[in-house]
Amino acid sequence: AIRLAEMAGTHEHPVFTVDLNECSIHAPDASDRPFSIGSYQRQLLLDGRDEITVTLERLDRIETHESAYFDRRPWLAPRR
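### A few points about the environment of asparagine 21
Piece 1. Secondary-structure assignment places asparagine 21 in the loop between strand E1 (17–19) and strand E2 (24–26).
Piece 2. Sequence separation between asparagine 21 and arginine 42 is 21 residues, and the spatial gap between their C-alpha atoms is 8.5 Å.
Piece 3. Ignoring any residue separated from it by four or fewer positions in sequence, one finds asparagine 21 in contact with Arg42 and Leu46.

### Concerning the sheet that holds E1
Note on sheets: strands pair through backbone hydrogen bonds, and any given pair is parallel or antiparallel.
Piece 1. Overall, antiparallel pairing links the three strands, which are arranged E1-E2-E3 in an open sheet. The sheet is open, and its two borders are formed by E1 and strand E3 (32–34), each paired with just one other strand. For this sheet the average axis-to-axis angle between neighbouring strands, irrespective of direction, equals 25 degrees.
Piece 2. Strand direction decides the pairing type here: E2 and E3, joined by three bridges, are antiparallel.

### Remarks on the packing of aromatic side chains
Piece 1. According to the stated counting rule, one finds one aromatic pair in the structure shown.
Piece 2. Consider the rings of tyrosine 69 and phenylalanine 70, whose centres lie 5.3 Å apart with planes at 80 degrees: the pair is edge-to-face.
Piece 3. The exposure class of tyrosine 69 is partly exposed, given its relative accessible area of 29%.
Piece 4. Judged by its relative accessible area of 21%, phenylalanine 70 is partly exposed.

### Regarding the environment of cysteine 23
Piece 1. Of note, cysteine 23 is situated in the loop between E1 and E2.
Piece 2. Filtering out sequence-adjacent residues up to four positions away, cysteine 23 remains in contact with Arg33, Pro34, Phe35, Ile37 and Arg42.

### Section: unusual backbone geometry
Piece 1. Positive phi values are uncommon outside glycine, yet cysteine 23 reaches one of about 55 degrees.
Piece 2. A relative accessible area of 17% means that cysteine 23 is categorised as buried.
Piece 3. For alanine 30, which is not a glycine, the phi torsion comes out positive at approximately 70 degrees.
Piece 4. When you line up the elements, alanine 30 lands in the loop between E2 and E3.

Procedures and definitions
- Residues numbered from 1 in each chain as written.
- Predicted model: local features only at pLDDT ≥ 70, side-chain atom pairs only at ≥ 80, totals over all residues.
- Heavy atoms only, no water.
- Helix = DSSP H or I, 4+ residues; strand = E, 2+ residues; numbered from the N terminus.
- Contact = heavy atoms within 4.5 Å.
- Pairing = 2+ DSSP bridges.
- Axes fitted to C-alpha atoms, helices over the stretch in contact; angles between N-to-C directions.
- Phe/Tyr/Trp six-rings, centres within 6.5 Å; stacked < 30°, edge-to-face > 60°.
- Buried < 20%, exposed > 50% of the residue type's maximum accessible area, 1.4 Å probe, protein only.

Okay, here's the thing in structure tokens:
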């Protein structure tokens, strides 16, 4: 079986389609190649999110935690 990278270089118009729902890659030779991906990472991609987005969604909780942490340990707090 020809590798996907080789296929990209040997076809005039190499179009690959990634189907995250089915976890398969449709190659220029009309074959479908399965792939594996973690369910968390897959769901992030399906939702159009990434780790930075997830972190920013939790920013309020992070800031609350940091504030409480530094209230208990003021000598560690960054200078403002």
